[in-house]
Amino acid sequence: APPEIKRLALEQKKIKHPVGKRLIEIALKKQSNLIASADVITSAELLKLAEEVGPHIVALKLHMDIIQDFSFELIDALKKIAREKEFLLFEDRKFGDIGNTQELQFKEGIYKIASWADMITSHVIAGEESLKVFENVGVVAIVEMSSKGTLTDDFYITKALNVAENASNVMGAVAQRKISDDLLLFTPGVNISSAGDAKGQQYNTPERVCKNYHTDFIIVGRGIYQSADAAESAKEYQTKGWNAYLESLG
Ligand code: 5BU
């Protein structure tokens, strides 16, 4: 990126979290604000997708509990691809319990998320102290959802943002609107060719979420992994997302 844009993008957001800084660094280097959501259900599909979209993304968003044949060989292979292609591993676990239970879900069980995830999502419904258990990871707080009829109304969003801004391990928030410059903004529900699905999902274009909501990172699932050529469509979302992001800064 030209130096003035680099300076602008870094200075506009006052991000202190090391994982947030790393994400910005990768975004500027790769000229991408794209996070691919890998909602596939086998290790083979996941690794293939990671290889294909890797060059175009800043992070790969995962739902590890939907993988039928989960193993730590999968984690090792994913980490290797992430290192080679320079992207972060983002587990969209959407924690939403008391701190003690979240800690067990984060560190223990089959997936041992704490041992490999760079970033995780968490609801903030249990309050600020419940988030303290997420150590050595970038927390992305869910303050607003993309789906039709979500209960995250204006009142909830204001309170959730307040919790997110007060927690030092929170680096960003998921929302469908502009938020403060102290947090990175992540927006799912992004698709170029569809308006939604039959299960409540609602889509916006990369242009809309970057220019109207001032989104920092667009999250794209089916738009990429269900397309005929995942690499090609990741490239398209990368270009569209990055151009819209630069225009939103100017
Ligand atoms: P899609 O295939 O682009 O619709 O996938 C969207 C992904 O983002 C999917 O993994 C969801 O779990 C995730 N998501 C979302 O769609 N909306 C939200 O508000 C949140 C997460 Br939070």
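The structure we're discussing is the one just above.
Reference entry: report on the structure contained in this document. What you see is a predicted model; the values in this text were computed from it and never measured.

1. Some points on the packing of aromatic side chains
Using the criterion set out here, one finds eight aromatic pairs in the structure. Ring plane angle 75 degrees and centroid distance 4.8 Å describe the contact between F70 and Y111, whose orientation is recorded as edge-to-face. Of this pair, F70 sits in the loop between β2 (59–62) and α4 (72–85) while Y111 sits in the loop between α5 (99–107) and β4 (119–123), and the two are 41 residues apart along the sequence. F70 sits in the buried class, given a relative accessible area of 16%.

2. A few points about the layout of surface pockets
Of the voids in this model, the largest pocket is the one considered here, and its volume is about 460 Å³. Residue lining of the largest pocket: 23 residues in total, with K61, D92, K94, P188 and Q201 positioned closest to the centre. Mapped by element, the contributors of at least two residues to the lining of the largest pocket are β3 (88–95), β8 (217–220) and α8 (222–225). When its residues are assigned to classes, the lining of the largest pocket shows nine nonpolar, eight polar and six charged.

3. Details of the packing of helix α3 (residues 43–53) against helix α9 (residues 230–249)
Between α3 and α9, whose axes approach to 8 Å, the crossing angle comes to 45 degrees. Between α3 and α9, the angle is such that the two are oblique. In the crossing of α3 with α9, the sense of the turn from one axis to the other is right-handed. Judged by residue contacts, L49, E52 and V53 of α3 engage A230, A231 and A234 from α9. Residue composition of the contact of α3 with α9, grouped by class: five nonpolar, no polar and one charged.

4. Here we look at the pairing of strand β5 (residues 138–142)
Burial analysis of β5 places five of its five residues in the buried class, which makes it a mostly covered element. By the alternation rule, side chains of β5 split into G138, V140 and I142 and V139 and A141, which are all buried. Where β5 lies against strand β6 (residues 170–174), four bridges are found, and the strand directions are parallel. Within β6, the position partnered with I142 by the bridge is V174. Running through helix α6 (residues 154–166), the crossover from β5 to the neighbouring parallel element β6 is right-handed.

5. Quick notes on the packing of α3 against α4
For any two helices packed against each other, the geometry comes down to the angle between their axes and how far apart the axes lie. At a closest axis distance of 10 Å, the pairing of α3 and α4 adopts a crossing angle of 5 degrees. Accordingly, the angle class assigned to the pair α3 and α4 is roughly parallel. Contacts from S43, L46, L47, A50 and E51 in α3 reach L74, A77, L78, I81 and K85 in α4. Of the residues in the contact of α3 with α4, the class split is seven nonpolar, one polar and two charged.

6. Some points on the nonpolar core
Membership of the largest hydrophobic core comes to 58 residues, with the highest contact counts inside it found for L46, L60 and M64. Ignoring sequence-local partners within four residues, the contact set of M64 consists of L46, F70, L74, I75, L78, E91, Y111 and W116.

7. So, the environment of A141
Residue position: A141 is located in strand β5. Residue A141 is classed as buried on the basis of its relative accessible area of 0%. Linking A141 and V163, residues 22 residues apart in sequence, is a C-alpha distance of 8.9 Å. Not counting residues up to four positions away in its chain, the partners in contact with A141 are S122, V124, A164, V170, G172, A173 and V174.

Rules of the game
Residues numbered from 1 in each chain as written. Predicted model: local features only at pLDDT ≥ 70, side-chain atom pairs only at ≥ 80, totals over all residues. Heavy atoms only, no water. Phe/Tyr/Trp six-rings, centres within 6.5 Å; stacked < 30°, edge-to-face > 60°. Helix = DSSP H or I, 4+ residues; strand = E, 2+ residues; numbered from the N terminus. Buried < 20%, exposed > 50% of the residue type's maximum accessible area, 1.4 Å probe, protein only. 1 Å grid on protein atoms, 1.4 Å probe; cavity = no way out; pocket = protein on both sides within 12 Å on 5 of 7 lines; lining within 4 Å. Points joined across faces, edges and corners; volume = space filled by probe spheres on them. Nonpolar A, V, L, I, M, F, W, Y, C, P; charged D, E, K, R; others polar. Axes fitted to C-alpha atoms, helices over the stretch in contact; angles between N-to-C directions. Parallel < 35°, antiparallel > 145°, perpendicular 65-115°, else oblique. Left-handed = near helix turned anticlockwise from the far one by under 90°. Contact = heavy atoms within 4.5 Å. Pairing = 2+ DSSP bridges. Right-handed = clockwise from strand over helix to strand, strands pointing away. Core = buried A, V, L, I, M, F, W, Y, C linked by side-chain atoms within 4.5 Å.

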